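Here is how the chains run, residue by residue.
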Amino acid sequence: MAKPIETKGKTVADENTTTVMPMAKPIEIKGKIVGYIDSRIGGRKENQDSAGIRETKLGYLIVVCDGMGGMQGGSVASQIAVQTILETVDSADIQANPSMTLIKAIRNANMAILEESRDNPNLQGMGTTVTALLLTPHSALTAYLGDSRIYQIRNGEKIFRTFDHSMVFEMVKEKVISEEQARLSDQSNIIMKALGITTDIAVEVVERPYRKGDRFVLCTDGFWGAMPEKEFIRHLSEKKSLDKILDSTANIVESIGRNSGKEYDNLTAAILEVNSNSILKEKMSRKAKIVITILVILLIISVALNVFLFMRTNQYVMP
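Reading the values: rules and limits
Residues numbered from 1 in each chain as written. Predicted model: local features only at pLDDT ≥ 70, side-chain atom pairs only at ≥ 80, totals over all residues. Heavy atoms only, no water. Pairing = 2+ DSSP bridges. Helix = DSSP H or I, 4+ residues; strand = E, 2+ residues; numbered from the N terminus. Axes fitted to C-alpha atoms, helices over the stretch in contact; angles between N-to-C directions. Contact = heavy atoms within 4.5 Å. Core = buried A, V, L, I, M, F, W, Y, C linked by side-chain atoms within 4.5 Å. Buried < 20%, exposed > 50% of the residue type's maximum accessible area, 1.4 Å probe, protein only. Patch = residues over 30% accessible without salt bridge, like charges linked within 9 Å, V, L, I, M, F, W, Y side chains within 5 Å. Areas by Shrake-Rupley, 256 points an atom, 1.4 Å probe, with all protein chains shown as cover. Salt bridge = Lys/Arg side-chain N within 4 Å of Asp/Glu carboxyl O. Arc of directions from axis to C-beta. Left-handed = near helix turned anticlockwise from the far one by under 90°. Nonpolar A, V, L, I, M, F, W, Y, C, P; charged D, E, K, R; others polar. Phe/Tyr/Trp six-rings, centres within 6.5 Å; stacked < 30°, edge-to-face > 60°. Lys NZ or Arg CZ within 6 Å of the ring centre and 35° of its normal.

Whether parallel or antiparallel, the strands of a sheet pair through hydrogen bonds between backbone atoms. Strand order in the open sheet made by the six strands is 2-3-14-13-9-10, with antiparallel pairing throughout. What marks the edges here is a single partner per strand, and that holds for strand 2 (25-29) and strand 10 (157-161). Neighbouring strand axes in the sheet, compared pairwise and without regard to direction, differ in orientation by 20 degrees on average. As judged from the four bridges shared by strand 9 (residues 149-154) and strand 10, these two strands associate in the antiparallel manner. Among the inter-strand pairings, I153 is bridged to a residue of strand 10, identified as K158. Packing against the sheet, helix 6 (residues 229-236) makes contact with strand 9, strand 10, strand 13 (215-219) and strand 14 (267-273), and its axis sits at approximately 65 degrees to strand 9.

Formed by 29 residues in total, the largest nonpolar core has its most connected members in L61, V63, I85, L102, I106, V130 and L195. Contributions of two or more residues to this core are made by strand 5 (60-68), helix 1 (73-90), helix 2 (98-119), strand 7 (130-135) and strand 8 (140-145). Among the elements that make up this core, the one with the highest residue count is helix 1 (seven residues). Sequence-distant contacts of I106, that is, excluding residues within four places in its chain, are made with I85, V130, A143, L145, L195, I201 and V203. With 20 residues, the next largest nonpolar core counts M227, I233, A250 and L267 among its residues.

Moving on: a nonpolar patch on the surface. A cluster of nonpolar residues, I290, V291, I294, L295, I297, L298 and I301, forms a patch on the protein surface that exposes about 630 Å² of accessible area. Summarising the element assignment, I290 is placed in helix 8 (residues 286-317). Overall, I290 belongs to the partly exposed group, its relative accessible area being 38%.

Those residues of helix 6 lying buried are E229, F232, I233, H235 and L236. Down the axis of helix 6, the buried side of the element spans an arc of 160 degrees, and every buried residue falls inside it.

Relative orientation of the contacting elements helix 1 and helix 2 amounts to 145 degrees, with a least axis distance of 8 Å. As helix 1 packs across helix 2, the resulting crossing turns out to be right-handed. Across from V76, A77, I80, A81, T84, I85, T88 and V89 in helix 1, the residues of helix 2 making contact are T101, L102, K104, A105, I106, N108, A109, A112, I113 and E116. Residues of the contact of helix 1 with helix 2, tallied by class, amount to 12 nonpolar, four polar and two charged.

Its location among the elements puts D66 in strand 5. For D66, a relative accessible area of 1% gives the class buried.

Attention now moves to the pattern of salt bridges. Applying the stated criterion to the full structure yields 19 salt bridges. Between E55 and K30 there is a salt bridge, with the nearest N and O atoms lying 3.9 Å from each other. Of this pair, E55 sits in strand 4 (residues 49-55) while K30 sits in the loop between strand 2 and strand 3 (32-40), and the two are 25 residues apart along the sequence. Among the residues examined, E55 registers a relative accessible area of 39% and is labelled partly exposed. Residue classification places K30 among the exposed positions, given a relative accessible area of 70%. The closest approach of N and O atoms between E254 and R40, which form a salt bridge, is 3.0 Å. Here E254 is found in helix 7 (residues 242-259), whereas its partner R40 is found in strand 3, with 214 residues between them in sequence. The exposure class of E254 is buried, given its relative accessible area of 14%. One connected set of salt bridges, linked through shared partners, spans R149, K158, R161, D164, E179 and E229.

Turning to the packing of aromatic side chains, a few remarks are in order. Summed over the entire model, instances satisfying the criterion amount to four aromatic pairs. A ring pair is formed by Y210 and F216, whose centres lie 6.5 Å apart and whose planes are at 85 degrees; its orientation type is edge-to-face. For Y210, a relative accessible area of 6% puts it in the buried group. An aromatic cluster is present here, built from Y151, F223 and F232 joined pairwise through their rings. Of note, R149 hangs over the ring of W224, and the distance from its end group to the ring centre comes to 3.4 Å.

The following block contains the structure:
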């Protein structure tokens, strides 16, 4: 098991640079604005979150990272991760496998952080979480390490969410505590996986189908962790423009942080809404399969009963 990493403090990298984004940045795909990215310093002295967007030959790539480590280490780690992932995917051949390319990009980012840490003693121990979404016409590819999250929301309901690599969510997995208890725990900032900690990282890519109107949200724990998840999903599902949704939700998160009387975290999020269906179609759920099976059985029984009654009735009327 990986050594637990305590996340303290957590800077936003722009699309092709590592400059801090002072306000929400539109996400454009083929000239159309489909979403926004925003990052705020929160109650910290430094913003160590980073985010980046780039249109590549393989699809549209969005990355959000949450850095950790003092002496600028967290911001350096998250910016290296964003930049390396964007550049690796962008340089891939159009025939490259998107999933394998995304895995390679995240591994390259990990090695780049480790190398920078070795070369600069002041940055030793720095690391970062990572979330990456590669949106293609075929599907949406998601990958992550740590407790930053990716959500897929449809008609006001969460249909997909990454599961935190954290100590408290290991307890959730074992059904020791609930997700809400994990969110409120004083140990919620202890994560089990991140970039920049070890050379051996396991990157899992989940391929997701999507429908027109689905919303994807990539966010750091400073954004999602301020309120219960149902309330969080409700804010992100409002029927208004995405920039207003992102701005109002971030304002609420900051208000909660200020009213808590404690130092509250950096908060970064990207939200986008897809305007078409993916080529990849969703597999039928287990519940749907059971319902269809029951309906088929009932139909067979009904047909058999009708045939029996018909034959029995004809038996009495035949000369």
